[in-house]
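# Coordinate analysis (summary)
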Amino acid sequence: MRSMEFVIGQRWVSHSDANLGLGIVTDVSGRRVTLGFPAIDEERTYATDNAPLARVQYQLGDKIETYDGESLTVRAVEDIDGVLMYHAEDENGELQQVSEVKLGSHVRFTDPRQRLFAGRFDRNGAFRLRMATVEHQERLRQSPARGLIGARTSHLPHQIYIAGEVARRYAPRVLLADEVGLGKTIEAGLILHSQLQTGLARRVLIVVPDSLVHQWLVEMLRRFNLRFSIIDDSHYELDNAADQILAMLGEEIGGASEENPFEQSQLVICSLDFLKSSDKAGNDAVSAGWDLVVVDEAHHLEWSPEAASPEYQVVERLAEQTRGLLLLTATPEQMGIAGHFARLRLLDPARYHDLAAFEQEESRYAEVNTLMQQLQEQGGKPDSAQQQQLQTWLGDEVSDLVARDDNGHALIDTLLDRHGTGRVLFRNTRAAVQGFPERRVQPAPLPCPQLYTEAGVTAGSAGLTPEVGMDEETWLAEDPRVTWLEKKLSALKPAKVVVICAKAETATALEHYLQLRAGIRSTAFHEGLSLLERDRAAAYFTETEQGAQALICSEIGSEGRNFQFAHHLVLFDLPANPDLLEQRIGRLDRIGQGDVIDIHVPYLENTAQSVLFRWYHEGLEAFAQSCAVGVGVKAAVESELQSRLDSPTESADDLVAATRAQAQQLRQRLQEGRDALIEMNSCRPEEARALIDAIESEEQSSGLVDYMTEAFDIFGVETEGHTETSDVLKPSDHMLTGHFPGLSEEGLTVTFDRQQALEREDLAFLSWEHPMVAGVMELMTESELGNAALASLSVKGLPPGTLLLEALFTLHCPAPDSLQLARCLPLAPLRLLVDVNGKDLSAALPHDRLNELCSNIRRRTAQAVVPQIRAEVETMIDHAEGFAAERLGELQQQAAERLRGLIQPEIDRLKALRKVNPAIRSEEVAFFENQLSAGEDVIGKARMALSGLRVIVSS
Ligand SMILES: Nc1ncnc2c1ncn2[C@@H]1O[C@H](COP(=O)(O)OP(=O)(O)OP(=O)(O)O)[C@@H](O)[C@H]1O
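Source: prediction; values computed, not measured. (Residues numbered from 1 in each chain as written. Predicted model: local features only at pLDDT ≥ 70, side-chain atom pairs only at ≥ 80, totals over all residues.)

Here strand 23 (residues 717–723) runs beside strand 24 (residues 726–731); their pairing, made up of 6 bridges, is antiparallel. Along strand 24, the bridge assignment pairs Gly721 with Asp727. Counting the residues in the hairpin turn of strand 23 and strand 24 gives 2 residues. With 4 bridges joining them, strand 24 and strand 25 (residues 748–751) adopt antiparallel strand pairing. Each bridged residue has a counterpart across the sheet, and for Asp727 the counterpart in strand 25 is Val750. (Pairing = 2+ DSSP bridges. Helix = DSSP H or I, 4+ residues; strand = E, 2+ residues; numbered from the N terminus.)

Listed below in structure tokens is the structure:
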């Protein structure tokens, strides 16, 4: 039925009023036709020659729904005296005959053909926006900058390199171990953001110490637009209360308590203590299922071959369940080498399976490093002796790796992975990153008070914190560090000062003293306070004008927090662990610190404190610079150190000399071996530069501004210039959809400029990855908007009334989520331009050129034209479908190749590792092999689907 011939029982749709639903012809008399619209229970009568109606005729493969709600797929269509009979397949695969009379009346047309013929087409600009959307999506998908564009951060090469390297992995499992304060949180945020953007991850859990929950929450939102939910005790208390009441009433416990709070959000933050303290919470967190789990301050996961800490155990269960795992620690060996190994084992059990073998490997690092350096100099081409060495390390793979034309990249990567520090470990150092200010130690030796000598707490570990357990009033009055601190703070006023001591009780006592007796504006930060109280304290300290001058922290203040706006640190006592000292100093010595850092150390002479001070200062030089060998050196001189701490009055010269020698030796050994290998893996400056260039070229092109300007116009968003680089957006009275992503009634001020976004946090930073832009793209691809349009074309020599069809086809390939096939299917559609005679004009008139020549047709005229040209349009669609079908094989092949490129290296690696590690199960290899063959199968069944069309009429 291609003309306006009405027969009772036919289904038509009004193109002037979408709310009427599907009409049914109930009467045709003379020049009048009457339709019933069951969806709104109304009847309307029209003149037959100009009724605003379009005939509804479903095509093969379309989904239809009967009035009683059954959904079927059309397999054949029969015309019985003008009324259609659909032969359609139900969900059991059985064919049923459904007369169009029996179709349901609530319809929404999404197919471009249906929309065009139902008169539901869009403006020319909407088609343009649709095409631009998929083109940008495809370009961005292939861009190395993808996922890294939207963060409100400065582009620091070491971070961008790691983020780029890790985020593109299918199952990233890495240890981010940059030195303190170099931006591991930012690196993790970039990786998360990127994996969420690319769809490689949807569900993310971040596990952090109590004291960092809110800081992470804020950092993720402010820098990455990622809105996390916190799960804590409060989610369980309610259930417990409900359970108690139910139990009192003798009712069965169930309902609310059955719910798993971790399943209620996609992005969750919780504290490790909380997971550890509640079995139910731990079990819920594990069973909720995650794509990516992040664990900050991962050195708390203590492990030895004999026993694993409860923290380790809960993270181990999460690690087994999740695909991606990021462990963050600045001091991976803080709790010993076994703990370090155990964390690597969580990440990559196939590679790290034996502690003894791991320890032995370290002895070969220098050899591996030498070979790598040589290979790098030789452009990746080994000589015959080197080839032999490689053969013993890597086996048969070598010839294949050497043959690659990539300057030895693959060879070096494989060597690093199998025999070096592995592809799971990233560690940047201050020395490599550069640009950090000087650290200056300000010792303050003080006489030991009688109080401590008499109590016998001057030596051993008691001597490090002699005030612990003493009467508060007494030690505050007699310990000279207290008056020294009071004077120091007064002298430094108004400079901000972070004071760190080991114990919460010391911090509390000091803070009371300073606040109440000395009148110094101070605030405490320790584990005795609630999370909210701690954050309040930190915020009070941050305030510039009215804020506290001093923040008195217990040890929990020495991790993760950002206090780089201060440059005075007082170490009221010294920790026995060198990595803990580094963590403490790292609160101030971190990215963003612009001043020389003064580290004030008051210590009591001739006590364990003075020994430890000398040991750190003269032995390790740990105050002046970041000290990576502290834990190793301490292990080597442990007994001498302990004996000096136990007898602090004896000379410590020998200890200091031995420590210096050990430190120098260890530094040199690590520099030649392990550190060199880690450095090679952690930042490759050229690759980092190329990534930053790619991000900046996206930011500097006018593509995004043009795209959003068109979107604001199509959706009816008003824009008003605010400053040179920012605009105010407001919803207008003629919005196309009820809601524009990310825009509230009050409007939003936005900038497209990163520098301005860094300076002005109140402005939204619009990038290709901002939720507003992503939301517009999603609206365009998930809705039918712009998939059917009509335009006019005026070109000399083209007779008026000539028709062209611009058709867009996508590779339709339904597959289970678990196959992650979207990563290999093309996003940009196949675009074809044909005329009625089946001539392919696609190359002669590209999309952009056509846009310049096309203009809108008035809606009324278009409505009148469509029914008249239906036959020609359908012929052109047939031609276009023919051309599209010819390209199917090629697109399927490209998709299959992309899939193989992603999965095959995983299979090869596991097979190679299996030769040295019997713990790798054959199922692990089989899993990837199945992924590959199942993916190839599905791609083989793909077909071309029409996803958009624009009919062009020459005028
Ligand atoms: N690229 C960046 N742009 C802007 N600010 C940054 C960037 N990288 C890091 N920072 C800031 O530097 C500080 C240190 O970063 P971050 O907290 O990520 O370091 P970290 O390595 O996790 O530290 P720690 O070892 O103490 O846990 C933070 O205040 C962070 O916001």
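The terminal C-alpha atoms of helix 2 (residues 124–142), which comprises 19 residues, lie 28 Å apart, in line with the 27 Å expected from a rise of 1.5 Å per residue. Turning to helix 2, its buried residues number three or more, namely Asn124, Ala126, Phe127, Arg128, Leu129, Arg130, Met131, Ala132, Thr133, Val134, His136 and Leu140. (Expected span 1.5 Å × (residues − 1). Buried ≥ 20, exposed ≤ 12 C-beta atoms within 10 Å, placed from the backbone.)

Here we come to the site of the ligand. For the ligand, the set of nearby residues contains 19 residues, the closest of which are Thr153, Gly183, Lys184, Thr185 and Ile591. When residues in the shell around the ligand are grouped by element, the largest group, 3 residues, is from helix 4 (residues 184–198). Here the residues of the shell around the ligand are counted per class, giving 6 nonpolar, 10 polar and 3 charged. Each of domain 2 (156–351 + 422–428) and domain 4 (438–682) accounts for three or more of the residues forming the shell around the ligand. (Near = placed C-beta within 6 Å. Nonpolar A, V, L, I, M, F, W, Y, C, P; charged D, E, K, R; others polar. Domains from an automatic or database assignment.)

Across the sheet, 5 strands lie side by side as 4-3-2-1-5; this open sheet has antiparallel pairing. With partners counted over all chains shown, the strands left at the sheet margins are strand 4 (42–47) and strand 5 (53–55), one partner each. Mean inter-strand twist for the sheet, computed between neighbouring axes without regard to direction, equals 40°. (Axes fitted to C-alpha atoms, helices over the stretch in contact; angles between N-to-C directions.)

Domains assigned within the protein chain are domain 1 (11–108), domain 2 (156–351 + 422–428), domain 3 (354–420), domain 4 (438–682), domain 5 (701–782) and domain 6 (788–954). For domain 3 versus domain 6, the separation of C-alpha centres amounts to 43 Å.

Turning to the nonpolar core, a few remarks are in order. Grouped together as the largest cluster of nonpolar side chains are 175 residues, with contacts concentrated most on Leu175 and Val207. Per-element accounting of this core gives the leading share, 10 residues, to helix 32 (residues 859–916). Once you skip the residues sitting within four places of it in the chain, Leu175 turns out to touch Leu327, Pro332, Arg343, Leu344, Leu347, Val424, Leu425 and Phe426. Counting residues in each nonpolar core, the second largest holds 66 residues, with Val499, Ala524, Trp615 and Val656 among its members. (Core = buried A, V, L, I, M, F, W, Y, C linked by C-beta atoms within 7 Å. Contact = placed C-beta atoms within 7 Å.)

Let us look at the UniProt feature "binding site: ATP" (unreviewed entry) in the protein chain. According to UniProt, the positions carrying the feature "binding site: ATP" (unreviewed entry) are Asp178, Glu179, Val180, Gly181, Leu182, Gly183, Lys184 and Thr185. Turning to its location among the elements, Val180 is positioned in the loop between strand 10 (173–176) and helix 4. Sequence-distant contacts of Val180, defined by excluding residues within four places in its chain, comprise Ala330, Glu582, Gln583, Gly586 and Arg590. Positionally, Lys184 belongs in helix 4. (UniProt positions renumbered as here; feature names shortened; annotations may be inferred.)

Moving on to unusual backbone geometry. The omega angle of the peptide bond from Lys493 to Pro494 is 10°, so this bond is cis rather than trans. Positionally, Pro494 belongs in the loop between helix 19 (480–492) and strand 18 (497–500). If you check the backbone angles, Asn606 has positive phi at about 55° while not being a glycine. Inspection of the secondary structure assignment puts Asn606 in the loop between strand 22 (597–604) and helix 23 (608–620). The exposure class of Asn606 is partly exposed, given the 17 C-beta atoms found within 10 Å. Positive phi, close to 50°, is recorded for Glu621, a residue that is not glycine.

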